[in-house]
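# Per-entry structural report
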Amino acid sequence: MSIDWTTYRASGLHDELIGPGGGARAAGRALIRHLSELGCAEIGVRQQAAELAIKVMGVTFTVYHEQGGSIDRAWPLDIIPRIISAKEWNRIAAGLKQRVAALNNFIDDVYHAQRIVKDGVFPLEIIGSSRNFRPHCVGVNPPQGVWAHICGTDLVRDKDGTVYVLEDNLRVPSGVSYMIENRQVVKRVLPELFESSSILAVDDYPAALHEMLASLAPRRQGLPEIVVLTPGIYNSAYFEHSYLARQMGCELVEGRDLAVHEDDCVYMQTIHGWRRVDVIYRRIDDDFLDPESCRADSTLGVPGLMRAWAKGNVALANAPGAGVADDKLVYTYVPDMIRYYLDEDPILPNVPSWRCSQPKDLEHVLQNLEQLVVKPVDGSGGYGMLMGPQSSQRERNQFAAQLKAAPRNFIAQPVITLSTVPTFVNERIEPRHVDLRPFILSGPSTYVTTGGLTRVALPEGSLVVNSSQGGGSKDTWIVATEN
Amino acid sequence: MLSRVAENIYWFARYLERAENSARLVNVNANLLLDLPPEYRPGWLPLIDITGSRELFDASERRAEERDVVHFLIAELDNPGSILGSLRFARENARTLRDVLPNEVWEHLNELFMEIKEELPGALNKRMRFKFLQKIIRGMQTLTGELEGTMSRNDAYTLMMLGRNLERADMTSRIIDVRSAQLVPAESAELTNFDTIQWVNLLKSLSGYQMYRLRARTRVSRAAALEFVLRDTHFPRACFFCLQEVGTFLRALPRSAAVMGSLAAACSFLKNADLERLDQPGLHEHIDLLQLHINVVHQGIARSFFPPHVAAEAQMQAQTTSASVELRAARVTRLEDAPAG
């Protein structure tokens, strides 16, 4: 049975594949034609094949709070890809590079002269009150002046088609392994399309990551010893830590495998004895890195690690303290940073935001709570937010009180109706909302993943894409079109 | 290779090997019991001592009857000497070794664990038991084959081979011990036939009967069978062969001189024993001492290649003074200390 796209309703929404008239957008034409030929029953068969492949490949993520402690769940993938034309992607990639360059300039400036404050572009008090500002990092010079080597930036598209930056994850962003595995699986189950269209490859990421990490090594001779530092098998992203270590051919270490010796260098304990480590791709939060200078109760980290890093004896990616720019209030200044440091106009816009720390903005927010999304500046994963249109009067009153008590801790944004992509649910194809997380590597050169990880909210009408809350994922295709 | 990973892969291999040999152990006891005249049947309880799990067993609610003992040996998840317990610990170790082990091995082990857990209730039934144990032995042999056929001969492989061979030497000695626990009067003429049948059974349970015939070319006798399973240099489940293998793989590692010393001591202990003159209690004691030697080799490996554990150090102290009874208790402690993830 072929698919009737005229009944596919995405009214009032922006769909990534189907245009307003019900016809396919240019970059998605081949895909839509192919899906129509396959029909729902065959798509269902292929979807099952994909789920089986994921089980066999052992692509999992870990969920804690269910009975039996933490368990490995098969990674949820919807086989219908999300497509972006190469032309549009080139513009987005340029915007991401620009953004990350400005952010790295900003972080370096924060821990040094703070020119941006002296020039009156950025208020001093925001730095001091940022939860992720690290006094230990003041005056440290990481290699190449780069702090956020790996950045995961979340993009959303609103109903008018504009792509906005929702947030920048500069601490330990995850998801890139799933981007690569999604492609492996979709190639297996929709091979015909890869033969007939030019879909850009995504699997050079581990090589690019390895090259960037190697460039950070303090010792210049011989092969650098690079390790991936994981909190352990019960971490939700353990699959990814293990995956990236395997792909790069380096050791996956835990804090207890490492020690800082008297020469302030980092060593790992091997069967051949202690071996010097040059670069640590750490997947542990700042707070837990070094019990000597951060949380004394941390058993995940390595005593003395900050000392070794500050002396330049080991490189940490991302550098400690990079999270200072993760703060959502700092986020609102990124367009200003781009103008200030790079003297360029921002290519990608921020979602318009009100800074509750400013009295005029606060007043506006308090009067329009019903239309706005209010977010805590240091939150992530959609926790602690107020969704104005869905909120009750009581919730709004509570939030108003919180806003007045600690305005610095909140920003507000209009509701963005995320764009949709056709998705196979309930044995048929329906529109579901998506976001996109590309990854940007900053080293001697800047690398942007080809597309990124598309996350999709599976329940009808839902805007929550987190995999821990019922979200799924899609392969993301950057497709070159004729014109 | 990281010391922590080295320890995990060593224990992964030991637990895999232990699961297989525990299945052989239960099988051999079942067969021996059936062949003995009823008045000489010692039952199932000796297996608890032989596997070194007396303390755990006494602490459990289980009683000394066949059903309970067999359940304890096959299905007790918290008994690291039980088949299911060994498999569980092998799997928990494998989970941390995804970057080291071939992917198929992880998938297969996972599958096997699920299947075995599912079939367990049926397997506690006497009639189904043999088939179930056979399946476990085959499954473990398949896994071993997959590891052989797909794993690079790197440090991880070396550590795995150390674990496998040391555990195998230890478990073969325990399987022989089952035989020594059958306190049949050795000189009694009417029982000589039973005696021969029992040694044949023991060889079969180690899949060694055929190889024994090729090697010994004589009828099965106690002395010749013991010589074969303890000291043969060609049969892969013979204690001496396993220790030889440990030596071969140790040579590939740095800083192995100290362990090599302990290994040499274990080998000469095996070589110099006068097997013909050992009566049943003497055999039992001999095996205890052999296990003590094997444990010293293990401690040496741990000291040279694994991250230091406070508990392991304390335990080593205890073992230097150990008599054979303490050794078996220590075995249980050692199992609990082993990393499982």
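Here, residues in each chain are numbered from 1, in the same order as that chain's written sequence. For this description, chains carry letters from A and ligands carry numbers from 1, given in the order in which they are written. It should be noted that, the model being predicted, local features are given only for residues of pLDDT at least 70 and side-chain atom pairs only at 80 or more, the latter also being counted only at that level, while totals for whole chains, interfaces and linings use all residues. Note that the side-chain values use all heavy atoms of the structure and ignore hydrogens as well as water.

This next bit is on the overall build of chain B. Each helix is a run of H or I in the DSSP string that is no shorter than four residues. Each strand is a run of E no shorter than two, and both are numbered from the N terminus. Counting its secondary structure elements, chain B contains 16 helices and 0 strands. Any two residues whose heavy atoms approach within 4.5 Å are treated as being in contact. Put simply, of all contacts in chain B between residues at least 6 apart along the chain, 68% involve residues at least 24 apart. If you sum the accessible surface of chain B, you get close to 14000 Å²; carbon and sulfur atoms cover 53% of it. Only the protein chains shown count as cover for residues, and the accessible areas themselves come from Shrake-Rupley with a 1.4 Å probe.

The helix and strand inventory of chain A stands at 14 helices and 22 strands. Taking 23 Å as the expected radius of gyration for a compact globule of 483 residues, we find that chain A reaches 23 Å, a close match to that expectation. With the principal axes as the frame, chain A shows a C-alpha extent of 70 × 60 × 50 Å. Of all 483 residues assigned to chain A, the portion counted as buried reaches 58%. A fraction of 68% describes how many contacts in chain A between residues 6 or more apart in sequence connect residues 24 or more apart. Of the roughly 19800 Å² of accessible surface on chain A, a fraction of 50% belongs to carbon and sulfur atoms. Note that His is not counted, nor are the chain ends; the positive residues are Lys and Arg, and the negative ones are Asp and Glu. By convention, charge coordinates are those of NZ in Lys, CZ in Arg, CG in Asp, or CD in Glu. Positive and negative charge centroids in chain A, built from 47 and 57 side chains respectively, lie 2 Å apart. Radius of gyration here is computed from C-alpha atoms only, and the compact-globule reference equals 2.2 Å multiplied by the residue count raised to the power 0.38. Partly exposed residues are those whose accessible area sits between 20% and 50% of the maximum for their type, while under 20% is buried and over 50% is exposed, using a 1.4 Å probe and protein chains only.

Among the secondary structure elements, Ile18(A) is positioned in the segment before helix H1 (29-57). Between the alpha carbons of Ile18(A) and Val189(A) there is a distance of 22 Å; along the sequence they are 171 residues apart.

Before going further, it helps to examine the interface of chain B and chain A. Of the residues lining the interface, 20 residues belong to chain B; the matching set on chain A comes to 21 residues. Accessible area, probed at 1.4 Å, shrinks when two parts are joined; the buried area is that loss added up over both. The contact between chain B and chain A buries some 1900 Å² in all, and 48% of this surface belongs to carbon and sulfur atoms. It is Leu2(B), Arg4(B) and Arg98(B) that lose the most area in chain B upon contact with chain A, and together they represent 33% of the buried surface on that side. Basic side-chain nitrogens of Lys or Arg form a salt bridge, by our definition, when they fall within 4 Å of a carboxyl oxygen of Asp or Glu. For the interface between chain B and chain A, the tally reads 2 salt bridges. Linking Arg4(B) and Glu254(A) is a salt bridge whose minimum nitrogen-to-oxygen distance equals 3.3 Å. Mapped by element, the contributors of at least two residues to the side of chain B that touches chain A are helix H1 (3-35), helix H5 (83-95), helix H6 (103-123) and helix H8 (155-181) of chain B. For the side of chain B that touches chain A, the element with the most residues is H1(B), which contributes 3 residues.

Interpretation of the predicted coordinates at a detailed level should be avoided for regions scoring low in pLDDT. All names here are of chain B. pLDDT expresses, on a scale from 0 to 100, how confident the predictor is about each individual residue. Counting all residues, the mean pLDDT for chain B is 83, and 87% of those residues have values of 70 or more. Mean pLDDT across the elements of chain B bottoms out in helix H16 (residues 324-337) (34) and peaks in helix H12 (residues 239-250) (97). With pLDDT under 50 throughout, residues 310-341 is counted as low confidence; its partners more than four residues away or in other chains account for 63 contacts. The ipTM value of the predicted complex is 0.75, and its pTM value is 0.84.

Here we come to unusual backbone geometry. As a rule of thumb, non-glycine residues mostly have phi less than zero, and peptide bonds are mostly trans rather than cis. The linkage connecting Ala317(A) with the following residue, Asn318(A), adopts the cis geometry, with an omega of -5°. Its identity as a non-glycine residue notwithstanding, Gln144(A) has a phi of 65°, on the positive side. Tracing the backbone shows Gln144(A) in the loop between helix H4 (124-128) and strand E4 (150-157). The exposure class of Gln144(A) is partly exposed, given its relative accessible area of 42%. For Arg255(B), which is not glycine, the phi dihedral falls at a positive 55°.

Looking now at the sheet that holds strand E10 (residues 273-276) of chain A. Backbone hydrogen bonds are what pair the strands of a sheet, in a parallel or an antiparallel way. Residues and elements named next belong to chain A. One bridge is not enough; two strands pair if DSSP finds at least two bridges between them. Strand order across the open sheet formed by 3 strands is E8-E9-E10, with antiparallel pairing between neighbours. A strand with exactly one partner marks an edge of an open sheet, and here the two such strands are strand E8 (258-260) and E10. In this sheet, neighbouring strand axes are inclined to one another by 40° on average, regardless of whether the strands run parallel or antiparallel. Here 3 bridges tie E8 to strand E9 (residues 266-270), and the two strands are oriented antiparallel to one another. Residue pairing for E9: Leu258 is matched across the bridge by Met268. The axes are straight lines fitted to the C-alpha atoms, using for helices just the contacting stretch, and the angles between their N-to-C directions are given from 0 to 180°.

Next up on the list: the pattern of salt bridges. All names here are of chain A. Summed over the entire model, instances satisfying the criterion amount to 52 salt bridges over all chains. One salt bridge connects Asp378 with Arg131, and the closest N-O pair in it is separated by 3.2 Å. Separated by 247 residues along the polypeptide, Asp378 in the loop between strand E14 (372-376) and strand E15 (386-387) and Arg131 in the loop between H4 and E4 bring together distant segments of the chain. For Asp378, a relative accessible area of 37% puts it in the partly exposed group. On the basis of relative accessibility, which here comes to 46%, the residue Arg131 falls in the partly exposed class.

Time to look at H1(A). Residue and element names in this part refer to chain A. The end-to-end C-alpha separation of H1 is 31 Å, well short of the 42 Å expected for 29 residues at 1.5 Å each. The term bend refers to the angle at a residue between two fitted axes, each drawn through seven residues, those ending there and those starting there. A bend of about 100° at Gly39 is the largest found in H1. Backbone geometry just downstream of H1 places Gly58 in the positive-phi region, at approximately 70°. Here a helix's expected span is defined as the number of its residues, less one, multiplied by 1.5 Å.

In this structure, Phe106(A), Phe122(A), Ile280(A), Met337(A), Phe12(B) and Ile301(B) are the most contacted members of the largest nonpolar core, which totals 181 residues. Other than its neighbours up to four places away in sequence, Ile301(B) contacts Tyr10(B), Leu162(B), Leu166(B), Leu250(B), Val259(B) and Phe306(B). Here, nonpolar core means buried Ala, Val, Leu, Ile, Met, Phe, Trp, Tyr and Cys residues that are tied together by side-chain atoms lying within 4.5 Å of each other. Counting residues in each nonpolar core, the second largest holds 69 residues, with Trp5(A), Ile43(A), Tyr205(A) and Tyr281(A) among its members.

All names here are of chain B. Interhelical geometry of H12 versus helix H13 (residues 257-272) gives an angle of 160° and a closest axis separation of 10 Å. By the angle between their directions, the pair H12 and H13 is classed as roughly antiparallel. When you trace H12 past H13, the crossing you get is left-handed. Contact residues: H12 offers Cys239, Phe240, Leu243, Val246, Gly247 and Leu250, while H13 offers Val259, Met260, Leu263, Ala266, Cys267, Leu270 and Lys271. In what follows, roughly perpendicular refers to angles from 65 to 115 degrees, roughly parallel to angles under 35, roughly antiparallel to angles over 145, and oblique to any angle outside these ranges. With the far helix as reference, a near helix turned anticlockwise by less than a right angle produces a left-handed crossing, and one turned clockwise produces a right-handed crossing.

Residue and element names in this part refer to chain A. Reading across from one edge, E7-E6-E11-E12 is the order of the 4 strands in this open sheet, with parallel pairing throughout. Two strands in the sheet have a free side with no partner beyond their single neighbour: strand E7 (251-253) and strand E12 (315-317). Sheet twist, expressed as the average angle between the axes of neighbouring strands with direction ignored, equals 30°. Pairing of strand E6 (residues 226-229) with strand E11 (residues 279-282) involves 4 bridges; the strand directions are parallel. The residue bridging Val227 from the neighbouring strand is Ile280, located in E11.

The subject of this paragraph is the environment of Ala148(A). Residue and element names in this part refer to chain A. Structurally, the position occupied by Ala148 is in the loop between H4 and E4. By relative accessible area, Ala148 is classed as buried at 1%. On a C-alpha basis, the gap between Ala148 and Val100 in space is 8.0 Å, while along the polypeptide they are 48 residues apart. Non-local contacts of Ala148, meaning those with residues more than four positions away in its chain, are made with Val100, Asn104, Ile107, Leu170, Asn318, Ala322 and Ser442.

Turning our eyes to something else, we now look at the side chain of Glu240(A). Looking at the element boundaries, Glu240(A) is found in helix H8 (residues 238-248). Residue contacts for Glu240(A): discarding those within four places in its chain leaves Pro173(A), Ser174(A), Gly175(A), Val176(A), Ser177(A), Tyr178(A) and Arg283(A).

As a further point, take the packing of H1(B) against H5(B). Residue and element names in this part refer to chain B. Interaxial distance between H1 and H5 falls to 8 Å at its minimum, and their mutual angle equals 160°. Relative to H5, H1 is oriented roughly antiparallel. Here the hand of the crossing between H1 and H5 comes out left-handed. For the pair H1 and H5, the contacting residues are Asn8, Trp11, Phe12, Tyr15, Leu16, Arg18, Ala19, Ser22 and Ala23 in the first and Ile83, Ser86, Leu87, Phe89, Ala90, Asn93 and Ala94 in the second. When residue character is reported, Ala, Val, Leu, Ile, Met, Phe, Trp, Tyr, Cys and Pro are called nonpolar, Asp, Glu, Lys and Arg charged, and the others, Gly included, polar. Broken down by class, the residue content of the contact of H1 with H5 amounts to 11 nonpolar, 4 polar and 1 charged.

Moving on, we get to the pairing of strand E22 (residues 471-479) of chain A. Residue and element names in this part refer to chain A. For E22, the buried fraction is high: 9 of the 9 residues fall into the buried class. With 6 bridges joining them, strand E3 (residues 77-85) and E22 adopt parallel strand pairing. The residue of E22 that forms the bridge with Ile84 is Ile478. Bridge analysis of strand E21 (residues 453-457) against E22 gives 4 bridges, and the strand direction is antiparallel. Following the sheet pairing, Ala457 is matched in E22 by Gly471.

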